[in-house]
Amino acid sequence: PMLGRVWINLGIAQAEQGKSQEAVATLKHACDIAPKEVFAWISLYRAARSAGLEDEARFAIEKAAKVNSTATALFKRSEQRAAEEAQSGAKPAAAQ
C-alpha cells in the first residue's frame with residue numbers, strides 16, 4: 001500500500017506541473033500496484049481528463065466506483081458542484 005501511495009503522489013505532482021501524459025503513465029502504474037486504492041483511480045481519472053483522454057478517464061472512474069462506490073459518488077458530486085458553480089460564477093461553498 002505504501003509504495004502505491006508514493007506513485008500516486010508522484011503522479012499528482014506531475015499533473016500539477018502540467019505533465020499530463022507523464023502523470024497518466026505514473027498513475028496507471030500506481031493503479032497496477034495498488035488496484036484497491038480508490039484515490040489512485042480517481043487521480044488517474046483527473047489526469048486522464050486533463051490530458052484529453054476521455055476513454056481512459058471513463059475507465060478509471062468506473063474502476064474507482066468498483067473499488068469504493070461511496071467515495072466515488074462523493075467525488076462525482078463534488079466535481080458536479082464545482083462545474084455548476086464555475087458556470088454560475090458563484091464562489092465554492094467552502095470559500096463562503
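Residues numbered from 1 in each chain as written. Predicted model: local features only at pLDDT ≥ 70, side-chain atom pairs only at ≥ 80, totals over all residues. Heavy atoms only, no water.

## Examining the pattern of salt bridges
We count it as follows: Here a salt bridge means any side-chain nitrogen of Lys or Arg lying within 4 Å of a carboxyl oxygen belonging to Asp or Glu. For helices the rule is a DSSP run of H or I covering at least 4 residues; for strands it is a run of E covering at least 2, with both sets numbered from the N terminus onward.
Applying the stated rule across the entire model yields six salt bridges. We note a salt bridge from Glu37 to Arg5, for which the minimum N-O separation is 3.6 Å. Of this pair, Glu37 sits in the loop between helix H2 (20–33) and helix H3 (38–50) while Arg5 is found in helix H1 (residues 2–16), placing the two residues 32 residues apart along the sequence. Salt-bridge contacts for Glu54 lead to Arg49; the nearest nitrogen and oxygen are separated by 4.0 Å. Within the structure, one salt-bridge network assembled from shared partners comprises Arg46, Arg49, Glu54 and Glu79.

## Concerning helix H4 (residues 54–67)
Test applied: Residue count minus one, scaled by 1.5 Å, sets the expected span of a helix. For the exposure calls, accessible area comes from a 1.4 Å probe over protein chains only, and a residue counts as buried if that area is under 20% of its type's maximum, exposed if over 50%, partly exposed in between. Within this analysis, the arc is defined by the directions that extend from the helix axis to the C-beta atoms. Contacts are residue-level and defined by heavy atoms, with any inter-residue pair within 4.5 Å sufficient.
Here H4 is 14 residues long and its end C-alpha atoms lie 20 Å apart, about the 20 Å a rise of 1.5 Å per residue gives. Listed in full, the buried residues belonging to H4 are Ala57, Ala60, Ile61 and Ala64. Take H4 and look down its axis: the buried residues cluster within an arc of 95°, on one side only. For H4, the exposed residues set more than 90 degrees away from the buried face come down to Asp55 and Lys66. In the core, the buried residues of H4 are packed alongside H3 and helix H5 (69–88).

## Digging into the packing of aromatic side chains
Just so we agree on the cut-off: What counts as a ring pair is set by centres within 6.5 Å for rings of Phe, Tyr and Trp (its six-membered ring), and what kind of pair is set by the plane angle: stacked under 30 degrees, edge-to-face over 60, tilted for all other angles.
Within the structure shown, the criterion is met by two aromatic pairs. Relative to Phe59, the ring of Trp41 has its centre 6.0 Å away and its plane inclined at 75°; by these criteria the two rings are edge-to-face. Of the two residues, Trp41 is situated in helix H3 and Phe59 in helix H4; the sequence distance between them amounts to 18 residues. The buried category is assigned to Trp41, whose relative accessible area is 7%. Under the relative-accessibility criterion, Phe59 is labelled partly exposed at 42%. Here the aromatic rings of Tyr45 and Phe75 are separated by 5.6 Å at their centres, their planes lie at 90°, and the arrangement is edge-to-face. Of this pair, Tyr45 sits in helix H3 while Phe75 sits in helix H5, placing them 30 residues apart in sequence. Residue Phe75 is classed as buried on the basis of its relative accessible area, which comes to 12%.

## Brief notes about the side chain of Ser20
Residue position: Ser20 is located in helix H2. Residue Ser20 is classed as buried on the basis of its relative accessible area, which comes to 15%. If sequence neighbours within four positions are ignored, Ser20 has contacts with Ala47, Ser50 and Ala51.

## Structural notes on the nonpolar core
What counts, and what does not: Note on terminology: a nonpolar core comprises buried Ala, Val, Leu, Ile, Met, Phe, Trp, Tyr and Cys residues joined through side-chain atoms within 4.5 Å.
In this structure, Trp41, Ile42, Leu44, Tyr45, Ile61 and Ala64 are the most contacted members of the largest nonpolar core, which totals 19 residues. Here Ala64 is in contact with Val38, Trp41, Ile42, Ser69 and Thr72, once residues within four sequence places are set aside.

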